[in-house]
Every structure is written in structure tokens, then in C-alpha cells.
Amino acid sequence: MGTINLQSDFKLSFEKLPRTIRLIVSKNNEEWICRKEKLKNLYSFAEVDQEHLFKGRLQLLKSDGKINIQVKDELIGAISNEAFKEALSKLK
């Protein structure tokens, strides 16, 4: 499982499941929110000019080479698009 530290006490983790990838946002080392998605859809989001991924409580928004992580309409952190792709490549 790969983990990227966000601002404050938040972390974004990637857990490989048999058919999907589970994105987990942790707050103070406790699982706060998660979302399952296929790896090809995550790659597609990172590669193409798609600006938005997911609807609901967890959302990924891409702008200016960064991916903003939003939970419940509140920005909790941002990572570079390259760091996101690197984390996905470790899941193959």
C-alpha cells in the first residue's frame, strides 16, 4: 500500500484489491473516507485533460499540474500529478 502525506494530519493511501484500487484518506492515522476505482480510470484521470474525478464526499480535482483532494467540499490537500502517477505505477 502506497501512502502520500498531505497537509496537517491527512494522508492519501492506495490499496490494491483484486479488481480495483481503494483510495483511502486518513486523518490522525485513522481511516476517514475511502473510494474504490479501477486502476485504468485513475490513470485516465491523470493522463487526460479530465479535471474532475468522483462525485460525493471524496473528490479529486486537477488544475495546474496538481491534484486537489477535497472531502465534503473542503480542500484537505494537494499533490503533484507526477506523484499521483508514481503512486499508481507502484500498484501494477
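Bear in mind that the values here come from a model prediction, so they are computed numbers and not experimental data. (Residues numbered from 1 in each chain as written. Predicted model: local features only at pLDDT ≥ 70, side-chain atom pairs only at ≥ 80, totals over all residues. Heavy atoms only, no water.)

**Comments concerning helix α2 (residues 81-89)**
Point 1. Turning to α2, its buried residues number three or more, namely Asn81, Phe84, Lys85, Ala87 and Leu88. Looking straight down α2, one finds that the buried residues subtend no more than 160 degrees of arc, so they occupy a single side. (Buried < 20%, exposed > 50% of the residue type's maximum accessible area, 1.4 Å probe, protein only. Helix = DSSP H or I, 4+ residues; strand = E, 2+ residues; numbered from the N terminus. Arc of directions from axis to C-beta.)

**A few points about the nonpolar core**
Point 1. Phe14, Leu60, Ile69 and Phe84 are the most contacted members of the largest nonpolar core, which has 26 residues in total.
Point 2. Broken down by secondary-structure element, the contributors of at least two residues to this core are β2 (10-16), β3 (21-27), α1 (39-47), β6 (58-63), β7 (66-71), β8 (74-80) and α2.
Point 3. With four residues, the top contributor of residues to this core is α1. (Core = buried A, V, L, I, M, F, W, Y, C linked by side-chain atoms within 4.5 Å.)

**Section: the packing of aromatic side chains**
Two aromatic rings, taken as a pair, are described by how far apart their centres are and by the angle between their planes.
Point 1. Scanning the entire structure with this criterion turns up three aromatic pairs.
Point 2. An angle of 35 degrees between the planes, with centres 5.4 Å apart, marks the rings of phenylalanine 10 and tryptophan 32 as tilted. Pair noted here: phenylalanine 10 is in strand β2 and tryptophan 32 is in strand β4 (residues 30-37), with a separation of 22 residues, a long-range link.
Point 3. Residue phenylalanine 10 is classed as buried on the basis of its relative accessible area, which comes to 12%.
Point 4. A residue is classified by how much of its surface remains accessible, and tryptophan 32, at 31% relative accessible area, is partly exposed.
Point 5. Above the ring of tryptophan 32, the side-chain terminus of lysine 27 is found at 5.1 Å from the ring centroid. (Phe/Tyr/Trp six-rings, centres within 6.5 Å; stacked < 30°, edge-to-face > 60°. Lys NZ or Arg CZ within 6 Å of the ring centre and 35° of its normal.)

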